Amino acid sequence: MIDKRPRTPREVAAFSLFSMQEEGAWSDGALHHYLNRAGLSARDAALAARLTYGTVQNELLLDWYLRHFSSVRLKKIAPRVRACLRMGLYQLILMDKIPAHAAVAETVALTRQYCHASARTVSFANAVMRAAAAAAGQGKLPVLDCPDKESYYSLRYSHPEWLVRLWSEQFGQKMTERICQADNADAPISVRVNTMQASPAAVQAELEAAGLTVTPHRAFPEILLCSGGDVAALPAFAEGRITVQDAASALAAAVADPTPGDTVLDCCAAPGGKSFAMAGRMQGKGSITACDIYEHKLERIRAGAARLGLPNIRTELQDAAAPRAEWRGTADVVLCDVPCSGLGIIRKKPEIRYKAPEEIAGLPALQAKILQNCAQYVKPGGTLVYSTCTILQRENEDVVRAFLAQNPDFAAEAWSHPVCGDRPDGMVTLLPPIHDTDGFFIAKMRRK
């Protein structure tokens with residue numbers, strides 16, 4: 001991470017983009033780090049976040065414009081300079097409240113101060129920004145000329161074309177465009193009220209008194225959608241009345257439906273949200289074993305359980321694909337939230353969209369292995385839930401259907417919930433533009 005303390009929203013955004021490029025940082029982690037160091041006002045922090053996420057969300061489109069206005073090939077532009085130009089073009093072309101002169105001047109200043117740039121490079125950045133500003137001001141930006149809808153969606157919403165075409169086959173063109181639009185929209189911070197400590201109405205009033213805009217989720221009264229502040233910095237979070245969790249994740253815990261006194265195994269538990277939600281449903285009675293392969297993630301789970309006042313969660317360092325003979329047939333509920341491509345949470349981690357297809361090609365085999373292994377821990381008559389934060393069929397329905405075909409002692413279990421209605425086959429794919437949740441998949445099965 002860059003040691004220098006950022007002073008402005010654009011410096012916070014630029015430093016975040018540099019850290020992503022140079023250190024592989026996640027956008028949210030880098031932004032949070034530099035916002036903490038900068039100490040900006042709420043308004044300036046919001047601008048820094050919009051510049052950071054907007055630049056990442058629109059990277060393919062911004063590069064297309066950059067090719068048009070640049071006299072230098074994209075690959076020849078130094079990475080930091082390219083990041084600054086992307087952010088500058090984002091302000092000029094896709095934001096409507098940033099004066100053109102400010103976008104130009106600040107982009108050139110960032111290039112001069114933080115890109116180790118020569119006078120020639122600074123002059124180049126200035127020329128690119130002035131050309132783009134002139135075209136935007138005269139309404140003469142180049143037209144997106146694409147051969148078909150999928151390639152247009154790919155460029156317009158900056159999603160890789162292979163992914164857009166896959167979604168178009170799976171969901172149709174209209175829904176694919178809606179998914180892409182939702183991925184680039186501002187996502188509220190979703191919190192779940194710890195009903196063992198407080199009521200949703202009381203927490204909503206507390207958060208609104210702290211200056212946040214709060215809307216209850218239409219199908220989840222304990223989920224509050226918040227904007228306008230950092231919920232993790234509030235007493236409601238520190239004192240355990242809320243935890244950050246999307247409604248989709250909370251739904252997985254609701255579908256698992258453990259009851260007080262049950263033995264529950266959460267096989268891929270980090271960061272712990274589903275374990276916390278299930279423990280709340282169990283009123284602190286029974287036991288939940290939360291597993292992960294990394295000790296530092298287990299430490300976060302333990303800290304979260306202590307903050308929320310959940311005494312019935314214990315952690316176990318365990319690879320979900322490796323068998324534990326002593327666990328066989330012991331659990332009333334087994335939840336497998338398996339490693340996945342993460343393509344359902346692009347709206348919160350926008351850089352996930354840029355994963356190469358070969359990077360995620362082997363996931364269905366791993367997911368099937370984990371599901372097959374963890375199924376043995378379910379008691380006869382017990383519940384098995386499989387979930388992911390992706391919307392790709394090959395990681396979701398295909399894995400579950402293959403498992404059920406190979407394991408006749410398990411059957412799909414019908415369920416219903418206001419967020420998605422009746423699910424007679426036990427499965428649902430949640431989509432941001434339809435369900436007001438992350439993209440997510442849940443399947444419920446029962447051992448005969």
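For the structure itself, look to the data block above.
What you see is a predicted model; the values in this text were computed from it and never measured.

Cut-offs used in this document
All residue numbers here refer to positions counted from 1 along the written sequence of the relevant chain. For a predicted model such as this one, the threshold for reporting local features is a pLDDT of at least 70, and the threshold for listing and counting side-chain atom pairs is 80 or more; totals across whole chains, interfaces and linings nevertheless cover every residue. Side-chain calculation: all heavy atoms of the structure are included, whereas hydrogens and water are not. Under the scheme used here, helices are H or I runs from DSSP no shorter than 4 residues and strands are E runs no shorter than 2 residues, and both carry numbers assigned from the N terminus. Radius of gyration: C-alpha atoms only; globule rule: 2.2 Å multiplied by the number of residues to the exponent 0.38. In what follows, a contact means two residues having at least one pair of non-hydrogen atoms within 4.5 Å. Throughout, the Shrake-Rupley method with a 1.4 Å probe supplies accessible areas, and for residues the shown protein chains are the sole cover considered. As defined here, a cavity is a set of points on a 1 Å grid over the protein atoms alone where a 1.4 Å probe fits but cannot get out. A pocket is an open set with protein on both sides within 12 Å along at least five of seven lines, and residues line them when an atom is within 4 Å of a point. Grid points are joined across faces, edges and corners, and a volume is the space filled by probe spheres set on the points. All residues other than Ala, Val, Leu, Ile, Met, Phe, Trp, Tyr, Cys, Pro, Asp, Glu, Lys and Arg, Gly among them, are scored as polar; the first ten of these are nonpolar and the last four charged. Side-chain atoms within 4.5 Å are what join buried Ala, Val, Leu, Ile, Met, Phe, Trp, Tyr and Cys residues into a set we call a nonpolar core. Note on classification: 1.4 Å probe, protein chains only; a residue is buried when its accessible area is under 20% of the maximum for its type, exposed when over 50%, partly exposed between these limits. Note: two strands are recorded as paired if DSSP finds a minimum of 2 bridges between them. Only centres within 6.5 Å qualify two rings of Phe, Tyr or Trp (six-membered ring in Trp) as a pair; their planes then separate them into stacked at under 30 degrees, edge-to-face at over 60, and tilted for everything else. Neither His nor the chain ends is counted toward charge; the positive residues are Lys and Arg and the negative residues Asp and Glu. Any carboxyl oxygen of Asp or Glu within 4 Å of a side-chain nitrogen of Lys or Arg constitutes a salt bridge here. What goes into a patch is any residue over 30% in relative accessible area without a salt bridge, connected to like charges within 9 Å or, for nonpolar side chains (Val, Leu, Ile, Met, Phe, Trp, Tyr), within 5 Å. By convention, charge coordinates are those of NZ in Lys, CZ in Arg, CG in Asp, or CD in Glu. Every angle, taken between N-to-C directions, lies between 0 and 180 degrees, and every axis is a line fitted to C-alpha atoms, over only the stretch in contact when it is a helix. The scheme is simple: roughly parallel for angles under 35 degrees, roughly antiparallel for over 145, roughly perpendicular for 65 to 115, oblique for anything else. A clockwise turn of the near helix away from the far one marks a right-handed crossing, whereas an anticlockwise turn of less than a right angle marks a left-handed crossing. By the criterion applied in these results, polar contacts are pairs of N or O atoms within 3.5 Å in which, for protein atoms, one can donate a hydrogen and the other can accept it, and in which residues neighboring in sequence qualify only through two side-chain atoms. The arc under discussion is defined with respect to the helix axis, by the directions toward the C-beta atoms.

Quick notes on the overall build of the chain
Looking only at helices and strands, the chain has 19 helices and 14 strands in total. Computed over its C-alpha atoms, the radius of gyration of the chain comes to 24 Å, within 12% of the 22 Å expected for a compact globule of 448 residues. For the chain, the spread of C-alpha atoms along the principal axes amounts to about 70 × 50 × 35 Å. Restricting the contact set of the chain to residue pairs at least 6 apart, pairs at least 24 apart contribute 70%. When the accessible surface of the chain is summed, it comes to about 19100 Å², and 52% of that surface belongs to carbon and sulfur atoms.

Section: empty space enclosed by the protein
Here the structure, examined in full by the defined rule, presents one cavity of 30 Å³ or more. Residue lining of the largest cavity: Leu 265, Cys 267, Cys 291, Gln 318, Asp 319, Ala 320, Ala 322, Trp 327, Asn 373, Cys 374 and Tyr 377, and that is the complete set. Residues belonging to the lining of the largest cavity are distributed by class as follows: eight nonpolar, two polar and one charged.

As for the nonpolar core
Of all hydrophobic cores here, the largest spans 48 residues; its most connected members are Phe 18, Leu 85 and Leu 89. For this core, the elements supplying multiple residues, two or more each, are helix H1 (9-23), helix H2 (27-38), helix H3 (42-57), helix H4 (59-69), helix H5 (79-94), helix H6 (100-114) and helix H7 (119-137). It is H5 that contributes the most residues to this core, nine residues altogether. With 38 residues, the next largest nonpolar core counts Ala 250, Val 255, Met 278 and Ala 279 among its residues.

Thoughts on the pairing of strand E8 (residues 331-337)
Within E8, six of the seven residues are buried, leaving the element largely enclosed by the surrounding structure. Relative to E8, strand E5 (residues 263-266) runs parallel, the two being bridged by three bridges. Note that in E8 the partner of Asp 266 across the bridge is Leu 335.

Quick look at the packing of aromatic side chains
Counted by the stated rule, this structure contains eight aromatic pairs. On the basis of an interplanar angle of 75° and a centroid distance of 5.2 Å, the ring pair of Trp 64 and Tyr 65 is categorised as edge-to-face. A centroid spacing of 6.2 Å and a plane angle of 70° characterise the contact between Tyr 386 and Phe 441, whose relative ring orientation is edge-to-face. Highlighted residues: Tyr 386 in strand E9 (residues 378-388) and Phe 441 in strand E14 (residues 440-447), separated in sequence by 55 residues.

Brief notes about the side chain of Arg 10
Looking at where Arg 10 falls in the secondary structure, it is placed in helix H1. Here Arg 10 occupies a buried position and makes no salt bridge, while the nearest side chain of opposite charge, Glu 106, is found at 4.8 Å.

A few points about the layout of surface pockets
Empty space among the atoms can be located by rolling a probe the size of a water molecule over them. Of the volumes computed, that of the second largest pocket is approximately 260 Å³. Forming the boundary of the second largest pocket are 14 residues, of which Leu 17, Met 20, Gln 21, Glu 59 and Glu 351 lie nearest the centre. Among the secondary structure elements, those contributing two or more residues to the lining of the second largest pocket are H1, H3 and H5. In the lining of the second largest pocket, the residues fall into seven nonpolar, three polar and four charged.

Here we look at a positive patch on the surface
A contiguous patch of positive charge, built from Arg 67, Arg 73, Lys 75 and Lys 76, is present on the exposed surface. The residue Arg 73 is located in the loop between H4 and H5 in this model. Judged by its relative accessible area of 61%, Arg 73 falls in the exposed class.

Section: the pattern of salt bridges
A full pass over the atoms with the stated rule returns 25 salt bridges. Ionic pairing is found between Arg 165 and Glu 150, a salt bridge with its closest N-O pair at 3.8 Å. Of this pair, Arg 165 sits in helix H9 (residues 161-171) while Glu 150 sits in helix H8 (residues 149-156), and the two are 15 residues apart along the sequence. Its relative accessible area of 30% is what places Arg 165 among the partly exposed residues. Here Asp 332 ties to Lys 379 by a salt bridge, and the two come within 3.4 Å at their closest N and O atoms.

Re the packing of helix H13 (residues 247-256) against helix H14 (residues 273-281)
With their axes 9 Å apart at the nearest point, H13 and H14 run at an angle of 45° to one another. Put simply, H13 runs oblique to H14. When you trace H13 past H14, the crossing you get is right-handed. Each of Ser 249, Ala 252, Ala 253, Ala 254 and Ala 256 in H13 lies in contact with H14, whose residues at this interface are Lys 274, Ala 277, Met 278 and Arg 281. Considered class by class, the residues forming the contact of H13 with H14 number six nonpolar, one polar and two charged.

Things to note about the side chain of Glu 395
Within the fold, Glu 395 resides in the loop between E9 and helix H18 (397-406). Within the buried set, Glu 395 has no salt-bridge partner at all; the shortest N-O distance to an opposite charge, 5.0 Å, is to Arg 394. Of note is the side chain of Glu 395, whose polar atom sits 2.7 Å from the side chain of Ser 341. Look past the residues within four positions of Glu 395 in its chain and what remains in contact with it is Cys 340, Ser 341, Leu 363, Pro 364, Gln 367, Tyr 386, Thr 388 and Thr 390.

Overview of H18
All buried positions along H18 are accounted for by Glu 397, Val 399, Val 400 and Phe 403. Projection of H18 onto a plane perpendicular to its axis shows the buried side chains occupying an angular sector of 165°, all on one side. With respect to the buried face of H18, the exposed residues turned more than 90 degrees away are Ala 405 and Gln 406. Each element contacted by the buried residues of H18 is listed here: helix H17 (363-375), E9, strand E10 (410-412), strand E13 (427-430) and E14.

All we've got here are geometric facts, nothing functional implied.
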